[in-house]
Amino acid sequence: MEYPLFPQKNTPEYCLHRKFEIIPGLLTWITLLGAILISFIAPIFTAILIILYDLFWLIKSIIINGHTIVAYRRMKKAVKINWLKKCRKLEQKHGLKFNDIYHLIIIPYYKEGLEILEPSIKSIAQANFPKKRIIISMSGEKRAGKTACQRQIILKQKYSRYFKEFLTNIHANKKGEMKIKATNANFAAKKALRYLKKNNIPQKHVIVSNFDCDTCIHPQYLAAVAFQFLKSKKRYQQSYQPLPTYNNNIWDTNAIVRIVAIGSSFWHMIESTRPERLITFSSHSMSLKALIEVGLWKKDVISEDSAIFWQCFIHYNGDYRAVPLYIPVSMDATLSKTFLKTLINQYKQKRRWAYGIESFPRIARAFLKNKKIPAKEKIKRVFTILEGHHSWATASFLILFLGWLPLIVGGPQFNETVIAHNLPLVTRTILTIAMIGLVISLFLSLLLLPPKPAKYKKTKYIFLLLQWALVPFVAPLFTLPAIDSQTRLMFKKYFHSFWVSEKTRKDSENTDSLNPDDTAIS
């Protein structure tokens with residue numbers, strides 16, 4: 001059983017697919033409109049629901065903050081480990097030894113400049129892993145123009161000596177092919193497969209990473225992945241998910257975007273401590289053998305990063321998992337030339353992430369047909385998907401706005417009741433207690449920050465603390481992308497191209513010199 005393609009129109013499969021497309025958005029709109037309607041019809045009942053819902057989120061916030069602290073402590077421990085040394089100490093495991101392992105790193109890009117691309121390549125060159133077992137396959141888009149495509153040539157000339165091979169590619173979209181990251185990644189992967197075959201490198205010895213072009217890996221990342229890959233009996237049925245952070249330009253972007261970026265990092269830290277829920281996101285790694293078996297990345301999905309997990313999960317009948325790596329990788333926070341453009345781009349980026357719900361209809365169709373996946377696992381996975389996207393689209397609105405609605409629309413009779421008099425006090429008390437979690441997030445955010453650039457004064461830290469006062473306003477604002485994506489899916493307003501986040505660096509440092517740790521090169 002394979003991950004389903006988008007069905008042909010006017011077929012029973014298409015009708016089923018459309019029903020599943022409608023479900024996420026329908027649940028969201030029923031919740032939002034129903035909450036407003038019930039405030040008019042039954043304000044007392046609504047007030048009780050509000051208190052219970054706020055209590056639910058208070059308990060959930062306590063649990064979530066606990067997960068965040070656990071993830072942070074695991075990360076601090078993981079980055080101190082010499083994973084290369086641990087790899088070399090491993091005896092041959094399940095038919096493989098460390099010297100057999102190669103890393104193939106796929107880096108598709110569009111119009112990004114050298115100030116974005118070079119730090120990514122440099123971070124790989126500085127990785128604590130034998131460089132002559134690292135293969136780069138970089139691929140530009142022909143439609144981006146000759147100048148953009150030439151950037152990989154410049155990088156190859158400068159950095160190729162640090163790797164076994166630095167492959168460069170120019171991808172041209174075929175007629176009818178979607179303009180998405182997956183098509184370019186596939187093109188780069190196929191070029192790399194030809195290289196591996198020519199050089200007699202077995203596919204089962206290769207770990208493949210699909211990186212966003214701004215991804216700067218931690219020096220321990222490649223070795224940590226290799227260790228997890230080597231020690232596992234089911235190494236071909238696992239993906240490896242690092243902790244995504246947005247530290248490349250976090251000091252440069254505005255306060256609103258910083259909150260969104262740090263919030264995203266926290267969420268992935270939380271998910272890493274719940275591996276039964278974890279799926280792949282953005283830059284991650286997996287076995288090349290598994291990637292080939294599922295036919296590479298699907299060319300008709302926008303969110304190929306999560307879709308590839310589901311391709312493997314369905315192909316291996318549920319016997320596939322994402323392994324959390326408590327090693328950070330750093331990417332760019334949204335930043336454009338103006339404040340307004342930055343906010344618009346942040347909205348578009350969050351909308352693209354939320355559009356990952358496009359996979360739900362395919363997953364649901366596959367689950368109906370695949371009898372080998374345990375029913376309990378199917379139910380758990382479907383609930384996790386729907387609950388996650390539903391909470392994203394509704395929770396902030398319900399918590400911040402619904403609490404006052406019965407008082408406004410309940411009428412004089414309701415406003416004279418005891419519950420009406422106590423509702424603001426109770427909800428305010430619950431939310432005040434929940435603010436303790438915000439204080440924890442505040443301190444963790446400071447611990448996750450990279451060193452302060454010299455161009456900023458120490459007073460910048462004051463603004464980094466004050467920015468958290470914006471959370472009550474930012475949270476509901478960036479639930480809109482989830483509502484947008486789910487509503488688009490309901491009404492067949494599909495995206496047909498991959499919106500590429502604009503990447504800008506302020507006062508980029510010169511990266512003309514490279515001094516990697518030669519002790520890590522072998």
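Worth saying up front: this structure is predicted, and the values here are computed from it rather than measured. (Residues numbered from 1 in each chain as written. Predicted model: local features only at pLDDT ≥ 70, side-chain atom pairs only at ≥ 80, totals over all residues. Heavy atoms only, no water.)

Student: Just give me the short version of the pairing of strand 3 (residues 165-171), but keep the residues and values in it.
Tutor: Along strand 3, five of the seven residues are buried, which leaves the element largely enclosed by surrounding structure. Of the strand pairs in this sheet, strand 2 (residues 134-141) and strand 3 are connected by seven bridges, and their pairing is parallel. Paired with Glu141 across the bridge in strand 3 is His171. (Buried < 20%, exposed > 50% of the residue type's maximum accessible area, 1.4 Å probe, protein only. Helix = DSSP H or I, 4+ residues; strand = E, 2+ residues; numbered from the N terminus. Pairing = 2+ DSSP bridges.)

Student: Pulling in residues and values, what's your account of the packing of aromatic side chains?
Tutor: Per the stated rule, a full pass over the model turns up 23 aromatic pairs. With 5.1 Å between their ring centres and 80° between their planes, Phe309 and Trp310 make a pair best called edge-to-face. Both residues of the pair, Phe309 and Trp310, belong to the buried class. Put simply, the rings of Phe309, Trp310, Phe313, Tyr316, Tyr320 and Phe367 touch in pairs and so form one group of aromatic residues. Note that Lys289 overlies the ring of Tyr236, its terminal NZ or CZ placed 5.1 Å from the centroid. (Phe/Tyr/Trp six-rings, centres within 6.5 Å; stacked < 30°, edge-to-face > 60°. Lys NZ or Arg CZ within 6 Å of the ring centre and 35° of its normal.)

Student: Can you lay out the packing of helix 2 (residues 43-78) against helix 8 (residues 255-272) for me, pointing to particular residues and giving the numbers?
Tutor: Running from N to C, helix 2 and helix 8 point in directions that differ by 85°, and their axes come no closer than 8 Å. Taken together, helix 2 and helix 8 sit at an angle that is classed as roughly perpendicular. Between helix 2 and helix 8, the contacting residues are Ile64, His67, Thr68, Ala71 and Tyr72 on the first element and Phe266, Met269, Ile270 and Ser272 on the second. For the contact of helix 2 with helix 8, the class distribution of residues is six nonpolar, three polar and no charged. (Axes fitted to C-alpha atoms, helices over the stretch in contact; angles between N-to-C directions. Parallel < 35°, antiparallel > 145°, perpendicular 65-115°, else oblique. Contact = heavy atoms within 4.5 Å. Nonpolar A, V, L, I, M, F, W, Y, C, P; charged D, E, K, R; others polar.)

Student: Please provide a residue-by-residue account of empty space enclosed by the protein, values included.
Tutor: This structure, assessed with the given rule, holds two cavities of 30 Å³ or more. In this structure, the largest cavity occupies an estimated 70 Å³ of space. Looking at the lining of the largest cavity, the elements that each hand over two or more residues are helix 8 and helix 16 (418-448). When the residues that make up the lining of the largest cavity are grouped by side-chain class, the tally is six nonpolar, four polar and no charged. Considering the residues around the second largest cavity, the lining is formed by Tyr246, Val257, Val260, Ala261, Ser264, Asp332, Ala333, Thr334, Gln346, Gln349 and Trp353. Sorting the residues of the lining of the second largest cavity by element identifies helix 8 and helix 11 (339-354) as the ones contributing at least two each. The dominant element in the lining of the second largest cavity, judged by the number of residues it contributes, is helix 8, at four residues. The residue makeup of the lining of the second largest cavity, split by class, is six nonpolar, four polar and one charged. (1 Å grid on protein atoms, 1.4 Å probe; cavity = no way out; pocket = protein on both sides within 12 Å on 5 of 7 lines; lining within 4 Å. Points joined across faces, edges and corners; volume = space filled by probe spheres on them.)

Student: An account of the nonpolar core is requested, with residue identities and associated values reported.
Tutor: Ranked by internal contacts, the top residues of the largest apolar core, which has 76 residues, are Ile136 and Phe163. In terms of residue count, helix 7 (residues 221-231) provides more of this core than any other element does, nine residues in total. Those residues within four positions of Phe163 in sequence are excluded, and the remaining contacts are Ile121, Ile124, Ala125, Lys131, Lys132, Ile134 and Ile136. The next biggest cluster of nonpolar side chains, apart from the first, holds 52 residues, and it includes Ile201, Leu288, Val301 and Tyr320. (Core = buried A, V, L, I, M, F, W, Y, C linked by side-chain atoms within 4.5 Å.)

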